[in-house]
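Chain residues, written in single-letter form:
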Amino acid sequence: VDTDQIIPKQFLKRIERTGFGEYLFYDWRFTDGKRLNPDFEMNAERFHGAAILLTRANFGCGSSREHAPWALCDYGIRAIIAPSYADIFYNNCFKNGMLPVILPAEAVETLFVKTRKTPGFRLTIDLETQQVKSNDGLCFSFNVDAHRRDCLLNGLDDIGQTLKQEKKIA
């Protein structure tokens, strides 16, 4: 999925980080720009309010627009699970407080099958233990760079990291 599908270009007229969620996957979520597309999985009632996005390889490819993670965050997505990501998108996720989890393609496929076939299937991501767990006992480990993990756990972006050094800077 490329960033042009995550947040189409016609919605990139703002520089604030908010207000983009309503346009997330716009061309797929809506049939005529107004009505929700009933065939788009994210529109299913059971996925409303979901904070984890499960997706395929090379998520976030295409242009390097930071608006893509802004739109995902504004929509309510806090973590993404995929086998791989476009490099700039992956880095932008961390800069915006969102966790991009990398799992093997086989694990992601297992999660897709379970999500589609199991009513009430739920996932949780434990960043401290670096594990993705399901409510039916599945558990997958993942790795995150220690610095990035610390920043996410403590809610620090680039500015927050700098402000931790305020006394030294002064």
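Every residue gets a number counted from 1 within its own chain, in the order that chain's sequence is written. Local features in this predicted model are restricted to residues of pLDDT 70 or higher, and side-chain atom pairs are both shown and tallied only at a pLDDT of 80 or more, whereas totals for entire chains, interfaces and linings draw on every residue. To get the side-chain values, take all heavy atoms of the structure and skip hydrogens and water.

A. Region of the structure containing the packing of aromatic side chains. Stacked, edge-to-face and tilted labels apply to pairs of Phe, Tyr and Trp rings (six-membered ring for Trp) whose centres lie within 6.5 Å, assigned for plane angles under 30 degrees, over 60, and everything in between, in that order. Under the definition given, this model contains 12 aromatic pairs. Each ring, one from Tyr85 and one from Tyr90, has its centre 5.6 Å from the other, and the planes form 40 degrees; the classification is tilted. Per residue, the accessibility class of Tyr85 equals that of Tyr90, and both read buried. Aromatic ring contacts, followed pair by pair, group Phe59, Tyr85, Phe89, Tyr90 and Phe94 into a single cluster. Note on exposure labels: buried denotes an accessible area under 20% of the residue type's maximum, exposed denotes more than 50%, and partly exposed covers the range between, all computed with a 1.4 Å probe on protein chains only.

B. Representation of the nonpolar core within the structure. In this text, buried Ala, Val, Leu, Ile, Met, Phe, Trp, Tyr and Cys residues form a nonpolar core when linked through side-chain atoms within 4.5 Å. One finds Leu72, Ile80, Phe89 and Leu103 to be the most contacted residues of the largest nonpolar core, which totals 45 residues. Elements supplying a minimum of two residues to this core: strand 1 (52–54), helix 3 (67–75), strand 2 (79–82), helix 4 (87–95), strand 3 (99–102) and helix 5 (105–117). In this description a helix means any DSSP run of H or I spanning at least four residues, a strand means any run of E spanning at least two, and both kinds are numbered starting from the N terminus. Among the elements that make up this core, the one with the highest residue count is helix 3 (5 residues). Here, two residues are considered to be in contact whenever any of their heavy atoms come within 4.5 Å of each other. The residues contacting Leu72, other than those within four sequence positions of it, are Ile6, Leu24, Phe25, Leu53, Phe59, Ile77, Ile80, Phe89 and Met98.

C. Region of interest: the sheet that holds strand 2. Pairing between strands is defined by DSSP: at least two bridges between the two strands are required. Spatial strand order, 1-2-3: 3 strands in an open sheet with parallel pairing. Both outer strands of the open sheet, strand 1 and strand 3, are each paired with one neighbouring strand and no more. Sheet twist, expressed as the mean angle between neighbouring strand axes with direction ignored, is 20 degrees. The pairing of strand 1 with strand 2 spans 3 bridges and is parallel. If you follow Leu54 over to strand 2, its bridge partner there is Ile81. Axes here mean lines fitted to C-alpha atoms, for a helix over just the part in contact, with angles spanning 0 to 180 degrees between N-to-C directions. Packing against the sheet, helix 4 makes contact with strand 2 and strand 3, and its axis sits at approximately 135 degrees to strand 3.

D. Structural context of the pairing of strand 3. Relative to strand 3, strand 2 runs parallel, the two sharing 4 bridges. Directly across from Ala82, in strand 3, lies its bridge partner Ile102. Assignment of crossover handedness uses the view with strands pointing away from the viewer, where a clockwise path from the first strand over the helix to the second indicates a right-handed crossover. In terms of handedness, the path from strand 2 via helix 4 over to strand 3 forms a crossover that is right-handed.

E. Fine view of the pattern of salt bridges. For this analysis, a salt bridge means a side-chain nitrogen from Lys or Arg found within 4 Å of a carboxyl oxygen belonging to Asp or Glu. In the structure shown here, the tally under the stated rule is 7 salt bridges. Here Arg65 makes a salt bridge to Asp4, at a shortest N to O gap of 2.7 Å. A residue pair is termed long-range when its members are at least 10 positions apart, and Arg65 in the loop between strand 1 and helix 3 and Asp4 in helix 1 (residues 3–6) qualify at 61 residues. The partner of Asp158 in a salt bridge is Lys95, and the shortest N-O contact between them spans 3.0 Å. Of this pair, Asp158 sits in helix 7 (residues 158–163) while Lys95 sits in helix 4, and the two are 63 residues apart along the sequence.

From the geometry alone we can't say anything about function, so treat these as descriptive.
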